[in-house]
Amino acid sequence: MEEYASKIICECGQKTIQDAIDIFRSTTLPYKKAKKLVTGCNQTCCRRPLMALFNMVEFGEIDYEEIAFLIDQKNSRFEQGENDE
C-alpha cells in the first residue's frame, strides 16, 4: 500500500495519492474546487483517478490499487497520444 500512496496522481500539481487524500480530507469543498487544490489547474487530464479518489475519501474506504490502475491507464493513454503525433 505504501508504494501506491507515493505514486504521483497529477503531473500538473506533482501531488501523490497520499497528498490528494490529505487535501480531500481537510476540505469541505465540492469536487471541482477541491480538485484545483490538488492539480493547480483546470485541465481534465487527471479527472478519472481524482474523481474516484475523491469519492473514496468521501465514503471512507480507499482502494489504492484501483487508483493506481486508473493512473496507469491515464499515463498509457497519454503516452500513446504522444506516439501518434
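The paragraphs below set out a description of the structure included in this document. Since this is a predicted model, take the numbers as computed values, not measurements. (Residues numbered from 1 in each chain as written. Predicted model: local features only at pLDDT ≥ 70, side-chain atom pairs only at ≥ 80, totals over all residues. Heavy atoms only, no water.)

To continue, consider the packing of aromatic side chains. Applying the stated criterion to the full structure yields 2 aromatic pairs. Aromatic side chains Phe 24 and Phe 54 sit 5.1 Å apart centroid to centroid with 90 degrees between the ring planes, which places their arrangement in the edge-to-face category. Of the two residues, Phe 24 is situated in helix α2 (residues 17-25) and Phe 54 in helix α4 (residues 47-59); the sequence distance between them amounts to 30 residues. Among the residues examined, Phe 24 registers a relative accessible area of 4% and is labelled buried. Consider the rings of Tyr 31 and Phe 54, whose centres lie 5.5 Å apart with planes at 70 degrees: the pair is edge-to-face. On the criterion of sequence distance, the pair formed by Tyr 31 in helix α3 (residues 31-39) and Phe 54 in helix α4 is long-range, its members being 23 residues apart. Residues Tyr 31 and Phe 54 agree in their burial class; the two are buried. Ring-pair connections join several aromatic residues into one group, and the members of that group are Phe 24, Tyr 31 and Phe 54. (Phe/Tyr/Trp six-rings, centres within 6.5 Å; stacked < 30°, edge-to-face > 60°. Helix = DSSP H or I, 4+ residues; strand = E, 2+ residues; numbered from the N terminus. Buried < 20%, exposed > 50% of the residue type's maximum accessible area, 1.4 Å probe, protein only.)

Here the focus is the side chain of Thr 27. With respect to the element layout, Thr 27 can be found in the loop between α2 and α3. Residue Thr 27 is classed as buried on the basis of its relative accessible area, which comes to 18%. A distance of 3.1 Å separates the side chain of Thr 27 from the backbone nitrogen of Leu 29, its partner in a polar contact. Excluding residues within four positions of it along the chain, Thr 27 makes contact with Ala 34 and Leu 37. (Polar contact = N/O pair within 3.5 Å; in protein donor to acceptor, adjacent residues only side chain to side chain. Contact = heavy atoms within 4.5 Å.)

Our next topic: the pattern of salt bridges. Counted according to the given criterion, the structure contains 1 salt bridge. Between Lys 7 and Asp 72 there is a salt bridge; the shortest N-O distance is 2.7 Å. Here Lys 7 is found in the loop between α1 (2-5) and β1 (8-10), whereas its partner Asp 72 is found in helix α5 (residues 64-84), with 65 residues between them in sequence. A relative accessible area of 39% means that Asp 72 is categorised as partly exposed. (Salt bridge = Lys/Arg side-chain N within 4 Å of Asp/Glu carboxyl O.)

Turning our eyes to something else, we now look at unusual backbone geometry. Here Gln 14, not a glycine, exhibits a phi torsion of approximately 55 degrees, which is positive. Position of Gln 14 among the secondary structure elements: in the loop between β1 and β2 (15-16).

What follows covers α3. Every α-helical turn comprises 3.6 residues, leaving residues that sit three or four positions apart pointing alike. When we look at burial in α3, the residues that qualify are Tyr 31, Ala 34, Lys 35, Val 38 and Thr 39. The buried side chains of α3 occupy one side of the element, clustering within an arc of 130 degrees when seen end-on. Where α3 is buried, its residues contact β1, β2, α2 and α4. Once α3 finishes, Gly 40 follows within two positions and takes phi at roughly 75 degrees, a positive value. (Arc of directions from axis to C-beta.)

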